[in-house]
Amino acid sequence: MVRCGAAALRKYSNFIDDLRVYVRGGTGGMGYPNLGGEGGRGGDVWFVARERTTLKSIRQKYPQKRFVAGAGANSSVKALKGEKGKDCEVHVPLGISVLDDNGKQIGELNAAGERFLAARGGLGGSLATNFLPCKGQRRTVHLDLKLIADVGLVGFPNAGKSSLLSKISHAKPEIANYPFTTIQPELGKIMYADYKQISVADLPGLIEGAHANKGMGHKFLKHVERTKQLLLVVDISGFQLSMKTQFRTAFETILLLTKELELYKEELVTKPALLAINKMDLPCANDNLDELMTQLENPQDFFHLLEEEIIPENTLEFREVIPISTYTGEGIEELKTCLRKSIDAQAEQVNEEYRKKKLLLLQTSKEEQTNRSWHS
């Protein structure tokens, strides 16, 4: 079994993508039996999505990880209707799933300003409650972060993802010649001449068995879920994690990456995908590339040569295959252009589907109005 070193685990822990917190709505205010006065309702606890917020900053600011809303005001002679308790608003990052203690998703926040009611305040005392206040809702929830990015870089360790991110964006990820250089996700933005920006997430190196949570598989794979597109980065000379593990050719690497994505969550392999073949500056790279392109044209023709366990149910269909070298800069500009075209095409497809849906709703509405007029 492949294990990450303790140093890698410590460093990854600096990036928090899961936080368990306690939330409690405020208690309602006391009613006033003599005059039929109602106590104010307890305040609510809300999660509010906000940019430039991290789970780490929440943990640092609120080490107790407890969020309690204010109590409702008691009813009195001066104010028969007590005021509502003060709400508690917790700013959370974009891309948060809210899970209950059983792991069931009860909400998510993907855009700035989105709100989720985490704990409702209790009712104030009234005739219905014998003028006694009710306690607010209380529970423990998990804030589970999945990075939102246009493009997710996927590849085995040392494929050159960190180097690629540093070439195409202003991000400065750690780069070195050893496995697991990236042990926490890095985000960068590609800037184009017309001010268009594409966000790219460098997702830490997978290993065989990541879908079964080997290494730190699930911590890494979950961040692929909310990327719009995938960019697989593969070493043209192949990959071997250590002397104890099997060497994999570039073709086998692509199949294994696809298999890991598929086994973790099947719909991941339906995302639009591009393929960057890295390290084209190495000797024999062109010969290896010719062989790989032949294999990618009809992958099924080569399956009989491979172990059955590395063959995915469905192969990824790449919109573009771009040979690159992060060392010499070969193919980098072409890759940026291809990413832009692919993202723009996907956006246009989404817009077209939206337009068709709106048109269908409009036609249905007109038909219903016509039918009502005809029947009347």
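Above: the structure in question.
Residues numbered from 1 in each chain as written. Predicted model: local features only at pLDDT ≥ 70, side-chain atom pairs only at ≥ 80, totals over all residues. Heavy atoms only, no water.

Glancing now at the sheet that holds strand β2 (residues 45–49). With mixed pairing, three strands are arranged side by side in an open sheet as β4-β2-β7. In this open sheet, the two edge strands, each paired with only one partner strand, are β4 (88–92) and β7 (115–119). The mean angle between the axes of side-by-side strands here comes to 30 degrees, regardless of whether they run parallel or antiparallel. Sheet topology note: the β2/β7 ladder contains four bridges and is antiparallel. Bridging across to β7, V45 finds its partner in A119. (Pairing = 2+ DSSP bridges. Helix = DSSP H or I, 4+ residues; strand = E, 2+ residues; numbered from the N terminus. Axes fitted to C-alpha atoms, helices over the stretch in contact; angles between N-to-C directions.)

So, on to the pairing of β2. Taking burial as the measure, the five residues of β2 include four buried ones, the bulk of the element. Sheet topology note: the β2/β4 ladder contains five bridges and is parallel. Bridged to A49 within β4 is V92. (Buried < 20%, exposed > 50% of the residue type's maximum accessible area, 1.4 Å probe, protein only.)

Take the pattern of salt bridges next. Pairing of side chains with opposite charge becomes possible as their charged atoms draw close. Counted under the stated rule, the structure contains 18 salt bridges. A salt bridge links D44 to K84; its shortest N-O distance comes to 3.5 Å. With D44 in the loop between β1 (18–24) and β2 and K84 in the loop between β3 (66–68) and β4, this pair connects stretches of sequence that are 40 residues apart. According to the relative accessible area criterion, K84 is partly exposed, its value standing at 40%. We note a salt bridge from D150 to K228, for which the minimum N-O separation is 3.2 Å. Taken as a pair, D150 in strand β9 (residues 149–154) and K228 in strand β12 (residues 227–235) lie far apart in primary sequence, 78 residues in all. By relative accessible area, D150 is classed as buried at 12%. (Salt bridge = Lys/Arg side-chain N within 4 Å of Asp/Glu carboxyl O.)

What follows covers the environment of A111. As for its placement among the helices and strands, A111 is situated in the loop between β6 (105–109) and β7. For A111, a relative accessible area of 33% translates into the label partly exposed. Sequence-distant contacts of A111, that is, excluding residues within four places in its chain, are made with A49 and L94. (Contact = heavy atoms within 4.5 Å.)

To continue, consider the pairing of strand β10 (residues 186–191). Pairing between β10 and strand β11 (residues 197–202): six bridges, direction antiparallel. Bridge assignment links L187 to a residue of β11, and that residue is A201. Linkage of β10 to β11, two consecutive antiparallel strands, is achieved through a turn of five residues, within which Y195 is found at a positive phi near 75 degrees.

Here we take up a nonpolar patch on the surface. Judged by side-chain polarity, L35, V77 and L80 come together as a nonpolar surface patch covering roughly 270 Å² of accessible area. For V77, the position within the fold is in the loop between β3 and β4. Given the relative accessible area of 57%, V77 is considered exposed. (Patch = residues over 30% accessible without salt bridge, like charges linked within 9 Å, V, L, I, M, F, W, Y side chains within 5 Å. Areas by Shrake-Rupley, 256 points an atom, 1.4 Å probe, with all protein chains shown as cover.)

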